[in-house]
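Structural characterization, general
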Amino acid sequence: MTTTMQNWREKLTNGKATYKFEEGNAKMRDILGGKGANLAEMTRLGFPVPPGFTVTTEVCNLYLEAGKKLPPGLEDEIKEQMKVLEEKMGKGFGDAKNPLLVSVRSGAKFSMPGMMDTILNLGLTEESVKGLAALSGDERFALDAYRRFIQMFSDVVMGIHKTEFEELIREQKKKQGCKEDRELTPASLREMIAAYKAKFKAELKRDFPDDVFEQLKLSVEAVFRSWDNPRANVYREREKIPHNLGTAVNVQCMCFGNLGEDSGTGVAFTRNYNTGEKHMVGDFLTNAQGEDVVAGIRTPMPLDHMKEVMPEVYKQLEETSEKLELHFKDLQDMEFTIEKGRLFMLQTRNGKRTAQAAVRIATDLFKEGKLTKEEAVMRVTGEQLDRLLHPYIPDAAKEEARKEGRMLAKGTGASPGAAVGMVVFSSDEAAAMGKEGKPVILVRPETTPDDAHGMLASKGILTSTGGPSSHAALVARGWGIPCIVGCEALKISLKDETIKVGDRTINKHEMISIDGSSGEVLLGQLPLQVPTDLSPETKTILEWADSFRKLGVYANADNPKDAQRARSFGATGIGLCRTEHMFMEQDRLPIVQEMILNAPEAERLMRQVHLLEMDYEGAAEGRKKDEARHALEAMKERLKKPWEHYQSLLAKLLPVQREDFRGILEAMQGHWVIIRLLDPPLHEFLPAKDDLLVDVTRLQTVKETASGSYDKTLADVREKRGDARLTLESLESLLQRVESMHEFNPMLGCRVCRLGIVYPEIYKMQARAIFEAACELVKKGVDARPEVMIPGVGTLEEMEFTRKLVEGEAADVQKRMGVQVKHKIGTMVELPRAALVAGDLATRADFFSFGTNDLTQTTFGYSRDDAAGTFMPVYLDKKILKVDPFQVVDRVGVGRLMKIAVEEGRQTNPNLEVGICGEHGGEPESVEFCHTLKLNYVSCSPFRVPIARLAAAHAALKEKMGEVSSTK
């Protein structure tokens, strides 16, 4: 016996491996899973739940740890539980005359719809199927139940893919001359059962098991194994669900929705999961079992149809729906079966919903007195807010497509948002193309849990069957992927990889556009737009969130338009204005390039002048003094022309930069704007060296061969570079200067504050532009508040040098313009050394801003630009790293440096303002970490501002509830 199995019961909560439904409650999700806990809760509350029991998640983990072996004695305990069910139902498990049938279902702590396994009708054998036929008085029903069980057991438990059996169904329907499964006669079903068993024996070299306890044991093991199947792992990775939770197994007495037209099955939601409207919606099928709805095998009817065909049962379901929502205080997703007019509840869980529905439901439940404001805020996730800004197809573009005959079909909009992509029919291909960055729309008759990896990689999902409760719809809604289901006008051939609509054929890799809100499918690539405003319900949630959060929320913005957008989304400052983006504008790039090409020589000569001035000052009177004066005057004369040209170029950039800063400071009046001085190496603004080399080589080759095509080649190069005066000599000179500025490791070369120290005139010009813009605005009565950020400081001396430079310009401008401006001067902490000497830096800094993108690079020694396409996917796959540190702040390493910087910085400067301006500032887990460090603000892109506001509120509320840790 393995170590894992020794004294295994001692490792279980209360020493119990199984719980009857009546022994559990909703708080026992950790061991009973979500489904088992909710079944127990519904049983406790007196709802019509078929009896059953749950094998705990702890047993699943023991099973997996022991190499997929059941603990000794568990089978006996399950048999005892089955005896209890026999007594409750008055039936015998495996009894030939009065058989007890059960379902075996998975159920993890967190809902994972369709990702793990289910087996229905378990307990049927060659003999008991006769008893079921006699008891029900319906031989066809009994044979159909046995046929379903064999197919499901063979697929889920024994690994024979269901398509093998679906082909046998198609052959039998063709032979009988019918279209629907339910039209098959008892004789046809008997033939199919024989064919199924023959297929089972041919594949597995053994007979289909007739021992009901063997069926049960194998099924329990299959559900445990399904916790570790590829689709479940993909889903957990996407949803950030821990891999060590395990799944419970729920064994429940069967009730049958396929006993005739007074029976049925369905899925109901207590509110509309797309809009949030308070009205019960869902899917319903008569004479069917639950898998027919969820798997999308048959296209169901809207739940409202049930009101017409079964009004009394519908009323009972409506009452149950009200009670469950009141009890669980959330939208409920309920599975039910009706057997001979009697309602049974098979499951309830918090329902997946669209982002629009999430915010409306949260605010409505508060208005109805079912939730507090705090609870309502916690019900909405950052990911849902992100989806509210999903792209959509403008009405004008749709109308034009209609006129051009590009409207292909309309199905059921199951997950909102619009998507454009290439048609693919295989999930494997979708995943592969997605990794290459290609936009794809996954098109299938229906999706199954095995398609999870392809769905995750797709921009949109389109199926020809299924309803809003099908697998495709549930998963797409949960993941925020636009989705259309039940688009029956599409004839999808997986074999030919084509879609046929009328007389039109769409082939693989053709572009289509889908609207997951309206259900429209359109041919070609339609334009997408991003919403620029939030709904009233969303604004309400965010206003409540603002009342709870302690962190400020700023935005990264480089122009007035982005700043205005950030304010409209609730930003109360700019945490990062990148001046290098301004330098790249086409109207100023030629000036920037000429300035950069002249800067090295001009600044070098200026440094020579400073050195000669020092020599002159130190020289003794006499000949040495005269020699020093002559050398100084000669150098000044040599400096004069390049320095004047350099200054003239800076003078041309000054008004342009001043206007840049004036616009963004005015847009954010009354709020702080953190402007980062030039950060990247200068060569990034110059033409690419390799491209220059190609053009120079072309011209040199043509000239040397005297082929007569030199003038044409030169004209081509001039046109390409947009310079009619260009010559081979000027191009060679440019190449030489670009090569002279080349660095082997530019990330660690002459950039950040090092650039400002080597070329101080550039930083002076920028500082002058900032303060001139601010002074102009203050004179007009605008409350302009600039914060000047020195990038990449690593030593106190760097901080002192650059601060003195900025302070000098600030003082000169304010004196000249006769106005004082509120301002701060600080640094971006993006180097480990900066964090370690933060106490010293804080003596000369008014604020710190963590540049977590570069801080992560320099802490790990990873290149952010290269990691994603090389080792990072492997590291994540092999669990070397749990998450990508460029996506979520690494609390252990980078986070420790941040903690040191905050604590030691505030020890020497208690008024030190500290924030974060990397894209981590809009990622919820990272925002929570910033809250624990007691930062003043987080800053992110404008479209992530609402997410950061909500995440900051969640962090504050979780801290209040004792759920926040700085080390998790």
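Residues numbered from 1 in each chain as written. Predicted model: local features only at pLDDT ≥ 70, side-chain atom pairs only at ≥ 80, totals over all residues. Heavy atoms only, no water.

**Examining the overall build of the protein**
Of the regular secondary structure elements, the protein holds 38 helices and 29 strands. Counting only C-alpha atoms and orienting by the principal axes, one finds that the protein spans roughly 125 × 70 × 60 Å. Expressed as a percentage of its 968 residues, the buried residues of the protein come to 55%. For the protein, the accessible area works out to roughly 41,200 Å², and carbon and sulfur atoms hold 50% of it. (Helix = DSSP H or I, 4+ residues; strand = E, 2+ residues; numbered from the N terminus. Buried < 20%, exposed > 50% of the residue type's maximum accessible area, 1.4 Å probe, protein only. Areas by Shrake-Rupley, 256 points an atom, 1.4 Å probe, with all protein chains shown as cover.)

**Looking at the packing of helix 3 (residues 74-89) against helix 8 (residues 212-226)**
Geometrically, a packed helix pair is captured by the angle between its two axes and the distance between the axes. Packing of helix 3 against helix 8 leaves a shortest axis separation of 11 Å and a crossing angle of 115 degrees. Along this stretch, helix 3 crosses helix 8, giving a crossing that reads as right-handed. Two secondary-structure elements touch here, helix 3 through E75, I78, K79 and M82 and helix 8 through F213, L216, K217 and V220. Residue composition of the contact of helix 3 with helix 8, grouped by class: five nonpolar, no polar and three charged. (Axes fitted to C-alpha atoms, helices over the stretch in contact; angles between N-to-C directions. Left-handed = near helix turned anticlockwise from the far one by under 90°. Contact = heavy atoms within 4.5 Å. Nonpolar A, V, L, I, M, F, W, Y, C, P; charged D, E, K, R; others polar.)

**Remarks on the packing of helix 21 (residues 560-568) against helix 24 (residues 623-667)**
Their axes nearest at 8 Å, the elements helix 21 and helix 24 cross at an angle of 10 degrees. Considering the angle they form, helix 21 stands roughly parallel to helix 24. As helix 21 runs across helix 24, the sense of the crossing is right-handed. Between helix 21 and helix 24, the residues in contact are P560, A563, Q564 and R567 and G663, I664 and A667, respectively. Here the contact of helix 21 with helix 24 is built from residues that sort into four nonpolar, two polar and one charged. (Parallel < 35°, antiparallel > 145°, perpendicular 65-115°, else oblique.)

**Quick notes on the pattern of salt bridges**
Close approach of charged atoms allows side chains of opposite charge to pair. Evaluation of the coordinates by the stated rule reveals 71 salt bridges. In this structure, the salt-bridge partner of E659 is R662, at a minimum N-O distance of 2.9 Å. Note that E659 and R662 are positioned in helix 24 at a spacing of three residues, about one turn of the helix. Under the relative-accessibility criterion, E659 is labelled partly exposed at 44%. Given the relative accessible area of 18%, R662 is considered buried. Linking E772 and R816 is a salt bridge whose minimum nitrogen-to-oxygen distance equals 2.9 Å. A residue pair is termed long-range when its members are at least 10 positions apart, and E772 in helix 29 (residues 760-779) and R816 in helix 30 (residues 796-817) qualify at 44 residues. (Salt bridge = Lys/Arg side-chain N within 4 Å of Asp/Glu carboxyl O.)

**Description of the sheet that holds strand 1 (residues 18-20)**
Reading across the sheet, the five strands line up as 1-2-5-3-4 and stay open at both edges, with antiparallel pairing between neighbours. Looking at strand neighbours, the two that pair on one side only are strand 1 and strand 4 (118-122), the edges of this open sheet. Strand-to-strand twist in this sheet, taken as the mean axis angle between neighbours without regard to direction, amounts to 20 degrees. Here strand 3 (residues 102-108) pairs with strand 5 (residues 247-253) via seven bridges, running antiparallel. The residue bridging G107 from the neighbouring strand is A248, located in strand 5. Helix-sheet contacts for helix 8 involve strand 2 (52-55), strand 3, strand 4 and strand 5, and the interaxial angle to strand 5 is about 145 degrees. (Pairing = 2+ DSSP bridges.)

**Quick look at unusual backbone geometry**
Backbone geometry at K240 places phi at a positive 60 degrees, although glycine is not the residue there. If you trace the backbone, K240 turns up in the loop between helix 9 (230-239) and strand 5. Positive phi, close to 55 degrees, is recorded for E497, a residue that is not glycine.

These figures come from the coordinates and say nothing about function on their own.
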